[in-house]
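Chains, contacts and geometry: an overview
Below are the chains, spelled out letter by letter.
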Amino acid sequence: MGAGHAHRLYRHAHSRVHVLPPHTKLAAALAFVVVVVSTPRTAMWAFALYAVLLAVVARHARVPAGFLLGRLLIEVPFVAFAVLMPFVAEGGRTDVLGLSLSVNGLWGAWNVLVKGTLGVAASVLLAATTELRELLLGLERLKLPPLLVQIASFMIRYGDVVTDEMRRMRIARRSRGFEARGVRHWGVLAKSAGALFIRSYERGERVHLAMVSRGYTGAMPVVDEVTASRAEWSYALALPLSALVVCLLGWAL
């Protein structure tokens, strides 16, 4: 996969969660999300326990609460959707602070909000403790189709290249006194977008030719063989197994 590639969500720290094999963390996060989604929406106490479990994981991973809460802002569009549900959903109505709201809409909003928040929090913790290169190795270890792993790898690696090209083009425009202030400047921006596409396409062709000249035949060589011991699997799966117990109690009670 080449050299490591740090990302903004990653938080460097020395913890037992950080050193876990990536495929164990991926499996644990996926299993936790499945359990959360499977929990009945009326078991409010269960979701509170899920939040406690994630807080314990964050503590062990040395991820500060401020860091985690700041990254949860990515779910704002889902929050807006959940807020609208009580107003537009059909069914029985109830009065809340003088507003007539749908009972089904309120339950639906709660369901989307709490499960979405817990899922995003689990994903943020996964990203905060696992570098992108390790995530790709984990996906490969979990037998995800190699072509999808390669596409994700190239997208991650050359996303920064395209972004840097955009930055240089923006600096070049500003050095010539250009500032987009209205509709009349859209033509210049459209030409810049076209030039960026052509440059990116040409760079992609050069990269592909360089790879072929070095023996690339459609499959990336495996540099690191990632394995996990039984103890590491047990440590990683402690979160989803604990959540599963809570889920079963939520259905039983």
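Before reading further, recall that the structure is shown in the block above.
Predicted model only: the values in this text are computed from it and were never measured. (Residues numbered from 1 in each chain as written. Predicted model: local features only at pLDDT ≥ 70, side-chain atom pairs only at ≥ 80, totals over all residues. Heavy atoms only, no water.)

**Regarding helix α2 (residues 44–60)**
Counted only if it meets this: A run of H or I in DSSP becomes a helix once it reaches four residues, and a run of E becomes a strand once it reaches two; helices and strands are each numbered from the N terminus. In this analysis, the expected span of each helix is defined as 1.5 Å times one less than the number of residues it contains. Accessible area is worked out with a 1.4 Å probe on protein chains only. A residue is then buried under 20% of its type maximum, exposed over 50%, and partly exposed in between. Our arc is simply the arc of the directions from the helix axis toward the C-beta atoms. Contact criterion: two residues are considered in contact whenever any of their non-hydrogen atoms come within 4.5 Å of each other.
Counted at 1.5 Å a residue, the expected span for α2 with its 17 residues is 24 Å, and the 25 Å between its end C-alpha atoms agrees. Those residues of α2 lying buried are A46, F47, Y50, L54 and A58. For α2, the angular spread of the buried residues around the axis is 130°, confining them to a single face. Residues of α2 that are buried sit in contact with α1 (22–38), α5 (103–129) and α10 (238–252). Looking one or two places after α2, you find R62, whose phi comes out positive at around 60°.

**Description of the pattern of salt bridges**
Under the convention used in this document: Salt bridge, as applied in this entry: a Lys or Arg side-chain nitrogen positioned within 4 Å of an Asp or Glu carboxyl oxygen.
According to the stated counting rule, one finds five salt bridges in the structure shown. Two residues, R167 and D164, come together in a salt bridge whose shortest N-O distance is 2.8 Å. Taken together, the residues span about one helical turn, with R167 and D164 both in helix α7 (residues 146–175) at a distance of three residues. We classify R167 as partly exposed; its relative accessible area is 36%. Taking relative accessible area as the criterion, D164 reaches 29% and is therefore assigned partly exposed.

**Quick word on the pairing of strand β2 (residues 99–102)**
Quick note on the threshold: Strand pairing is assigned whenever DSSP detects at least two bridges linking the two strands.
By the bridge criterion, four bridges tie strand β1 (residues 93–96) to β2 in an arrangement that is antiparallel. Residue pairing across strands places R93 opposite S102, the latter belonging to β2. Remark: two residues form the turn of the hairpin made by β1 and β2, two consecutive strands paired antiparallel; L97 in that turn has positive phi of roughly 55°.

**Quick notes on the packing of helix α4 (residues 76–88) against α5**
Let me state the cut-off plainly: To obtain each axis, a line is fitted to C-alpha atoms, and for helices this fit is confined to the stretch in contact; angles are then taken between N-to-C directions over 0 to 180 degrees. Here is the rule for angles: anything less than 35 degrees is roughly parallel, anything more than 145 is roughly antiparallel, 65 through 115 is roughly perpendicular, and the remaining ranges are oblique. Each crossing is labelled by how the near helix is turned from the far one, with a counterclockwise turn of less than a right angle marking it left-handed and a clockwise turn marking it right-handed. Gly falls in the polar group here, along with every residue not listed as nonpolar (Ala, Val, Leu, Ile, Met, Phe, Trp, Tyr, Cys, Pro) or charged (Asp, Glu, Lys, Arg).
Where α4 meets α5, the closest approach of the two axes is 7 Å, and the angle between their N-to-C directions is 165°. Relative to α5, the element α4 lies roughly antiparallel. Of the two elements, α4 crosses α5, and the hand of that crossing is left-handed. The residues of α5 that touch α4, namely those facing F78, V79, A82, M85 and P86, are G105, L106, G108, A109, V112 and L113. Along the lines of polarity and charge, the residues of the contact of α4 with α5 split into nine nonpolar, two polar and no charged.

**Here we look at the nonpolar core**
In plain terms, the rule: Buried residues of nine kinds, namely Ala, Val, Leu, Ile, Met, Phe, Trp, Tyr and Cys, make up a nonpolar core once their side-chain atoms join them within 4.5 Å.
Ranked by size, the top nonpolar core spans 27 residues in total, and within it F32, Y50, L54, V63 and L118 carry the most contacts. Elements with a minimum of two residues in this core: α1, α2, α3 (65–71), α5 and α10. No other element matches α5, which puts eight residues into this core. If near-sequence neighbours (up to four positions away) are discounted, L54 is found in contact with F32, L118, A121, A122, L125 and L239. If you look at the next biggest cluster of nonpolar residues, it comprises five residues, including A29, L126, L132 and L135.

**What about the packing of aromatic side chains?**
Quick reminder of the rule: Only rings of Phe, Tyr and Trp enter the pairing, Trp through its six-membered ring, and a pair is recorded when the two centres are within 6.5 Å. The plane angle decides the type: under 30 degrees is stacked, over 60 is edge-to-face, the rest tilted. Criterion for a charge above a ring: Arg CZ or Lys NZ at most 6 Å from the ring centre, at most 35 degrees from the ring normal.
Enumeration according to the criterion identifies five aromatic pairs in this entry. With centroids separated by 5.9 Å and ring planes inclined at 75°, the aromatic side chains of F47 and Y50 adopt a geometry described as edge-to-face. Taken as a pair, F47 and Y50 lie in helix α2 at a separation of three residues, close to a single helical turn. One exposure class covers both F47 and Y50, and it is buried. Taking 6.3 Å as the distance between ring centres and 25° as the angle between the ring planes, the aromatic pair formed by F197 and Y201 counts as stacked. Here F197 pairs with Y201, and both are found in helix α8 (residues 186–213), just four residues apart, close to one helical turn. Note on accessibility: F197 and Y201 belong to one class, exposed. An aromatic cluster is built from F32, F47, Y50 and W110, whose rings are joined through pairwise contacts. In this structure, R11 packs its charged tip against the face of F67, placed 5.7 Å from the ring centre.

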